[in-house]
Amino acid sequence: MKKPHKKPNIIIITGSVGAGKTTLAQKYKKQGYTPLDVNQLIKKHKLYDAYDHKNKCFVVDEKKLATWLEQRIHQAKKNKQKLVIDSHLSHYLSPKYVDLCIVVTCDLKTLYKRLKKRGYSKKKIEDNLQCEIMEVCYTEALEKGHKVKKVR
Ligand SMILES: Nc1ncnc2c1ncn2[C@@H]1O[C@H](COP(=O)(O)OP(=O)(O)OP(=O)(O)O)[C@@H](O)[C@H]1O
Ligand SMILES: [Mg+2]
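Everything in this summary refers to the structure shown in the same document. (Residues numbered from 1 in each chain as written. Chains lettered and ligands numbered in written order. Predicted model: local features only at pLDDT ≥ 70, side-chain atom pairs only at ≥ 80, totals over all residues. Heavy atoms only, no water.)

1. Some points on the layout of surface pockets
Part 1: Taken as a whole, the largest pocket holds about 1,200 Å³ of empty space.
Part 2: Val17, Asn39, His88, Arg118 and Tyr120 are the residues nearest the centre of the largest pocket, which is lined by 45 residues in total.
Part 3: Mapped by element, the contributors of at least two residues to the lining of the largest pocket are helix H1 (21–27), helix H2 (38–44), strand S3 (48–52), strand S4 (57–60), helix H5 (122–133) and helix H6 (136–144).
Part 4: Class assignment for the residues of the lining of the largest pocket results in 18 nonpolar, 13 polar and 14 charged.
Part 5: Of the voids in this model, the second largest pocket is the one considered here, and its volume is about 180 Å³.
Part 6: Taken together, Lys54, Asn55, Lys56, Arg118, Gly119, Tyr120, Ser121, Lys123, Lys124 and Asp127 make up the lining of the second largest pocket. (1 Å grid on protein atoms, 1.4 Å probe; cavity = no way out; pocket = protein on both sides within 12 Å on 5 of 7 lines; lining within 4 Å. Points joined across faces, edges and corners; volume = space filled by probe spheres on them. Helix = DSSP H or I, 4+ residues; strand = E, 2+ residues; numbered from the N terminus. Nonpolar A, V, L, I, M, F, W, Y, C, P; charged D, E, K, R; others polar.)

Structure, rendered in structure tokens:
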């Protein structure tokens, strides 16, 4: 008999900036998952090196972030808590901590509109659209060895 499919306890959601990661993560609440928005955690726990005034964003200390998330996952497992971690950096985590990596994709027209609405510079919009065109998060997640599911 085929083994029943084991439900993932630790899910990460990655994808280009503005693709819809946080929106999707919130939908997992109904299934008993605790969503962790890494953008908020970085600010709350000061997991950054500096603030980049030119690009208007924090320069993340990736090592600090990884350590923080690994400890958080460890704690969740101990408490039998299910997590959904959302960030375009989430796939940098080692697959040994993660059951499933969801890559959110978005059509370019929609993504352009979303980024424009945020008031991003032309350069920042172009860079992020390029990231989506090149499927950077998807490729990196596969290379890292995650079990990957692409959604739109
Ligand atoms: N499935 C969807 N249908 C309609 N609108 C959506 C959908 N997903 C996201 N959006 C909208 O797109 C915008 C960006 O979504 P969201 O904040 O979830 O993206 P994100 O990937 O988390 O962005 P960031 O990388 O900045 O954290 C929001 O205004 C959200 O309401
Ligand atoms: Mg988000």
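2. Here we look at the site of ligand 1
Part 1: Near ligand 1 you find Ser16, Val17, Gly18, Ala19, Gly20, Lys21, Thr22, Thr23, Asn39, Arg114 and Arg118, and these make up its full shell.
Part 2: At 3.3 Å from an oxygen atom of ligand 1 is found a main-chain nitrogen or oxygen belonging to Ala19.
Part 3: Arg118 is positioned such that a nitrogen or oxygen atom in its side chain is 2.7 Å from an oxygen atom of ligand 1.
Part 4: If ligand 1 stood free it would expose 630 Å²; the protein chains cover 59% of that surface.
Part 5: Mapping ligand 1 onto the cavity grids shows that it belongs to the largest pocket.
Part 6: Split into classes, the residues belonging to the shell around ligand 1 amount to 2 nonpolar, 6 polar and 3 charged. (Near = heavy atom within 4 Å. Polar contact = N/O pair within 3.5 Å; in protein donor to acceptor, adjacent residues only side chain to side chain. Areas by Shrake-Rupley, 256 points an atom, 1.4 Å probe, with all protein chains shown as cover. Sits in = over half its atoms within 2 Å of the grid points.)

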